[in-house]
Amino acid sequence: MTEAAARINLLDLDREGMEHFFADNLGEKRFRAHQLMKWIYHQHVTDFGQMTDVGKALRAKLEERCEIVPPPVLFDKPSTDGTHKWLLGMDAGNAIEAVFIPDKGRGTLCVSSQVGCGLNCQFCSTATQGFNRNLSTAEIIGQVWTASKHLGNRTHHQRKLTNVVMMGMGEPLLNFDNVVRAMSLMRDDNGFGLANKRVTLSTAGLVPMIDRLAEESDVSLAVSLHAPNDDLRTELVPLNKKFPIAELMAACARYALRKKRASITFEYTMMKGVNDTPELARELVKLMRKFGNTVQFADAAKVNLIPFNPFAGTRFERSGETEIRAFQKILLDGGVLTMVRRTRGDDIDAACGQLKGQVMDRTRRQAEFQRRLLGEATSHAIA
Ligand code: SAH
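Residues numbered from 1 in each chain as written. Predicted model: local features only at pLDDT ≥ 70, side-chain atom pairs only at ≥ 80, totals over all residues. Heavy atoms only, no water.

Chemist: Can you explain the sheet that holds strand 6 (residues 106-110)? Please cite residues and give values.
Modeler: Strand order across the open sheet formed by ten strands is 3-4-5-6-9-10-11-12-13-14, with mixed pairing between neighbours. The sheet terminates laterally at strand 3 (73-78) and strand 14 (337-340), the two strands that pair on one side only. The average undirected angle you get between the axes of adjacent strands in this sheet is 20 degrees. Two strands pair when backbone bridges link them, and strand 4 (residues 84-89) and strand 5 (residues 95-103) are joined in this way by six bridges, in the antiparallel orientation. Opposite Leu-88, over in strand 5, you have Ile-96 as the bridge partner. Helix 4 (residues 137-150) rests against strand 3, strand 4, strand 5, strand 6 and strand 9 (163-166) of the sheet, and its axis sits at about 135 degrees to strand 4. Packed on one face of the sheet, helix 9 (residues 278-295) meets strand 12 (264-270) and strand 13 (301-307) and runs near 170 degrees to strand 12. (Pairing = 2+ DSSP bridges. Helix = DSSP H or I, 4+ residues; strand = E, 2+ residues; numbered from the N terminus. Axes fitted to C-alpha atoms, helices over the stretch in contact; angles between N-to-C directions. Contact = heavy atoms within 4.5 Å.)

See below:
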């Protein structure tokens, strides 16, 4: 074997990939792949030597050809409210963040999909960092692995980590294959065994990729809406110019119906004097009702109001408690299921939109790469 033959990181493979690798590259039976997955994801073991029910010969082969390497923890930071944030090292001085948020009877991990983000949403602190690159499958599932290990997670009973939301740094639909593969490991019985609906992908609204997600995965969908009309939404979420609200809502309807009437969560970050007026609330009611009429099932749309989380240099402010309640009441009175998200972890900058990790080397070429991806997504839509 030459030195050039790099070891394969088993965290990069989903169940199917593991089965193929074991059969085609190692000449082993499928169940061996499942055995390995259980060691990795149920027992958090990364050392082949500790895998006691794997024969010596296979262990030697694995040691030679593979490795199990999650991203290194640069530091972890517990918050006073039980929230926990990990800063994970990537290559070239980059770092990303994952945040665990415990709540009554459930524990949600917020997972990143890219180093930085290229979408430039005006009120998000990740945007100020620019875009560097997509995370690998290993780097995405490695966040869940790290949190699960730290929490002493058990499978099924007394599980601490019960939900994953792809709401950390980055736009998950711009890193489609790696995100879908990682989400499949989150739901696999030999992986983290989470129920499909407990894994949620949040997108700023890449219409063609929402359709692709409907075909290739089975998870809950959240959409970052933030405004009920195109003028305001384009200002806040520049991607709206490419995929305006009508197209976005149509894609959401296709997703909901394809997923056997799954409801869609619409996220709405509340910013003082920007998108929190009663008029906009009434406009949002109309938009949500129209969506309900299109898909024809109860509670098809859920609205999640997120009080804006400030960060250094932002021009936005959080809406007042009174405005948020008034906005919620208009939605509820209009028959729209609406929750206000409690802000958690803000003492450690771990709240929504406060994740910025450490993004180095934001070259033009990389921004160009992101733009190209967007371009491809568009032509795919037209085709
Ligand atoms: N790119 C994806 C996922 C990351 S953002 C998306 O846009 O959905 C996760 C959620 O946090 C989104 O709804 C986003 O709009 C919201 N968010 C971003 N910045 C925020 C801030 N400063 N305060 C509150 N919520 C914010």
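Chemist: Explain the site of the ligand residue by residue, including any values.
Modeler: Among the 21 residues in the neighbourhood of the ligand, the closest are listed as Phe-123, Ser-202, Ser-224, His-226 and Asn-309. A distance of 2.6 Å is found between an oxygen atom of the ligand and a side-chain nitrogen or oxygen belonging to Ser-202. Here a nitrogen atom of the ligand sits 3.3 Å away from a polar atom, N or O, in the side chain of Thr-269. The fraction of the free accessible surface of the ligand (540 Å²) that becomes covered by protein chains is 96%. At the level of secondary structure, the elements contributing two or more residues to the shell around the ligand comprise strand 10 (199-203), strand 12 and strand 13. (Near = heavy atom within 4 Å. Polar contact = N/O pair within 3.5 Å; in protein donor to acceptor, adjacent residues only side chain to side chain. Areas by Shrake-Rupley, 256 points an atom, 1.4 Å probe, with all protein chains shown as cover.)

Chemist: Help me get a handle on helix 2 (residues 30-42), residues and values and all.
Modeler: Over its 13 residues, helix 2 extends 18 Å from the first C-alpha to the last, a length consistent with the 18 Å expected when each residue adds 1.5 Å. All of the buried residues in helix 2 are Ala-33, His-34, Gln-35, Leu-36, Met-37, Trp-39, Ile-40 and Tyr-41. On its buried face, helix 2 sits against helix 1 (15-25), helix 3 (56-65), helix 4 and helix 5 (176-187). Following helix 2 by one or two positions, His-44 adopts a phi angle in the positive range, close to 60 degrees. (Expected span 1.5 Å × (residues − 1). Buried < 20%, exposed > 50% of the residue type's maximum accessible area, 1.4 Å probe, protein only.)

Chemist: Account for the packing of aromatic side chains, naming residues and giving values.
Modeler: The full count for this structure, using the stated rule, is six aromatic pairs. Plain terms: the ring middles of Tyr-41 and Phe-192 are 5.3 Å apart, the flat faces sit at 70 degrees to each other, and that makes the pair edge-to-face. Here Tyr-41 is found in helix 2, whereas its partner Phe-192 is found in the loop between helix 5 and strand 10, with 151 residues between them in sequence. In this pair, the class of Tyr-41 matches that of Phe-192, namely buried. (Phe/Tyr/Trp six-rings, centres within 6.5 Å; stacked < 30°, edge-to-face > 60°.)

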